[in-house]
Amino acid sequence: MTDLATLEAEIVSAVQASADLAGLDAVRVTVLGKSGSISALLKGLGSMGPDERREQGPLINGLRDRVQAALTERKTALEAAALDAQLAAERLDLTLPAPPRRRGSVHPTMQVMDEMTAIFAEMGFAVADGPDIEDDFHNFTALNFPPKHPARETHDTFFFSPNEAGERMLLRTHTSPVQIRTMVSQTPPIRIIAPGRTYRKDSDQTHTPMFHQVEGLVIDRNIHMGHLKWTLETFVGRFFETSDVVTRFRPHHFPFTEPSAELDVQCDRTGGELKVGQGSSWLEVLGCGMVHPNVIKNCGLDPDEWQGFAFGMGVDRLAMLKYGVPDLRDMFASDVRWLAHYGFSPFAAPSAAGGLS
Ligand code: PHE
């Protein structure tokens, strides 16, 4: 009897003294394991006489139950302490502010689109819109590209698979289809710009498969090339915010304008940098011309009454020139370091009154 009480006191103090789960399990094995002290006592019951067993049985079983309970209690306490220690070690302070460089910024292309919209809005242009996925009629035919005309090939078009009727939809190769959509749905006089995405199979330092254009269209009575030149020269001066920019109009051909021209901006490309107002290179930034009478007719208007001019600007290229980005492909690489360097604050939206860059 005294032996059992001593044994129990020893075991309980060993249980309480164990500092971690491994130590506690070692105590459990020495007591309740195969050759543990209590297991030996339980085994001894078999060799006792009935009277002795009746007396010792409850005592030994009681001892086992109390030791078991002490082990469980200590185990729960040690597990809770281990969890507390782990939580303390892995603590994260969620109230810390994010590092400033991770803040989002406005992409130069979007900034330039907003700048262009602000400049043209001041000149009285409204913003029009059209779908990125176009049909052959709006992208080519209505714009006076004859069927099988080689100019269709120069656009390196992305086509979709033909539908049941054999027609292939396409990713618009320019924003000029918005000219058609606007002339068909509005009555002149018309003065719109149409910013948007355009697509061609092309990739080098000044070409990317997806790029951005801003289309412009003016339809009114007695419109002539002088209106076109004034509008574009005024735009360029305001956009670059300097009189140092040198431009040149170069005769060109587009099926939907006659006469047609391209506008280049003089720039310097030496030393891996891009600067305007100096240098011996020219970067083509837009196509333009007087809207072809056939296009006006295709939209149900009388070309003897209505004339106009149109232009299509390369937004990303104008962004390259204004903000000195040497390679167009970097603009779409989604590199956060590039965006942190070239991006704009979302709180400084361009406006004619508040400044354009
Ligand atoms: N759509 C032409 C292009 O992408 C640009 C353009 C627009 C030319 C309007 C003339 C008039 O190359």
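The present account deals with the structure reproduced in this document. (Residues numbered from 1 in each chain as written. Predicted model: local features only at pLDDT ≥ 70, side-chain atom pairs only at ≥ 80, totals over all residues. Heavy atoms only, no water.)

With that out of the way, let us pick up the pattern of salt bridges. For the structure on display, the rule yields 18 salt bridges. Notably, a salt bridge pairs D65 with R64, separated by 3.4 Å at the nearest N-O pair. R64 sits in the partly exposed class, given a relative accessible area of 28%. For D264, the salt bridge identified is with R250, shortest N-O distance 2.7 Å. In this pair, D264 is assigned in strand β7 (residues 257-268) and R250 in strand β6 (residues 247-254), connecting sequence segments 14 residues apart. Given a relative accessible area of 2%, D264 falls into the buried group. Connected through salt bridges with shared partners, the residues R248, R250, E262 and D264 form a single ionic network. (Salt bridge = Lys/Arg side-chain N within 4 Å of Asp/Glu carboxyl O. Buried < 20%, exposed > 50% of the residue type's maximum accessible area, 1.4 Å probe, protein only. Helix = DSSP H or I, 4+ residues; strand = E, 2+ residues; numbered from the N terminus.)

A word on the pairing of strand β5 (residues 210-220). By the criterion of burial, β5 is predominantly enclosed, with nine of the eleven residues buried. Alignment of strand β4 (residues 190-199) against β5, held across ten bridges, turns out to be antiparallel. For R191, the partnering residue across the bridge sits in β5 and is V218. (Pairing = 2+ DSSP bridges.)

This brings us to the site of the ligand. In the region of the ligand, 14 residues are neighbours, and H174, S176, R200, Q213 and G312 sit closest. Note that a nitrogen atom of the ligand is positioned 2.9 Å from one of the side-chain N or O atoms of S176. Summarising the interface, the protein chains cover 94% of the accessible area of the ligand, which totals 330 Å² for the free molecule. If you list the elements that add at least two residues to the shell around the ligand, you get β5, β9 (281-291) and β10 (307-314). Taken together, the residues of the shell around the ligand sort by class into five nonpolar, seven polar and two charged. (Near = heavy atom within 4 Å. Polar contact = N/O pair within 3.5 Å; in protein donor to acceptor, adjacent residues only side chain to side chain. Areas by Shrake-Rupley, 256 points an atom, 1.4 Å probe, with all protein chains shown as cover. Nonpolar A, V, L, I, M, F, W, Y, C, P; charged D, E, K, R; others polar.)

A few words on the packing of aromatic side chains. All chains considered together, the criterion is met by eleven aromatic pairs. Ring centres of F235 and F239 lie 5.4 Å apart, and the angle between their planes is 20°; on these two criteria the pair is classed as stacked. With F235 and F239 both in helix α9 (residues 225-240) and four residues apart, the pair spans about one turn of that helix. On the accessibility criterion, F235 (1% relative accessible area) is buried. What makes F239 buried here is its relative accessible area of 0%. Look at Y323 and F344: their rings are 4.8 Å apart centre to centre, the planes differ by 65°, and that puts the pair in the edge-to-face class. Of this pair, Y323 sits in helix α11 (residues 315-323) while F344 is found in the segment after α12 (336-342), placing the two residues 21 residues apart along the sequence. For the pair formed by Y323 and F344, the shared burial category is buried. One aromatic cluster in this structure is built from F120, F125, F235, F239, F240, F309 and F311. Over the ring of F159 we find R168, and its NZ or CZ is 3.7 Å from the ring centre. Its end group placed over the ring of F239, K322 keeps NZ or CZ at 4.5 Å from the ring centre. (Phe/Tyr/Trp six-rings, centres within 6.5 Å; stacked < 30°, edge-to-face > 60°. Lys NZ or Arg CZ within 6 Å of the ring centre and 35° of its normal.)

This paragraph deals with a nonpolar patch on the surface. On the surface, I133, F160 and M169 cluster together into a nonpolar patch covering about 240 Å² of accessible area. With respect to the helices and strands, the residue I133 is situated in strand β2 (residues 133-134). (Patch = residues over 30% accessible without salt bridge, like charges linked within 9 Å, V, L, I, M, F, W, Y side chains within 5 Å.)

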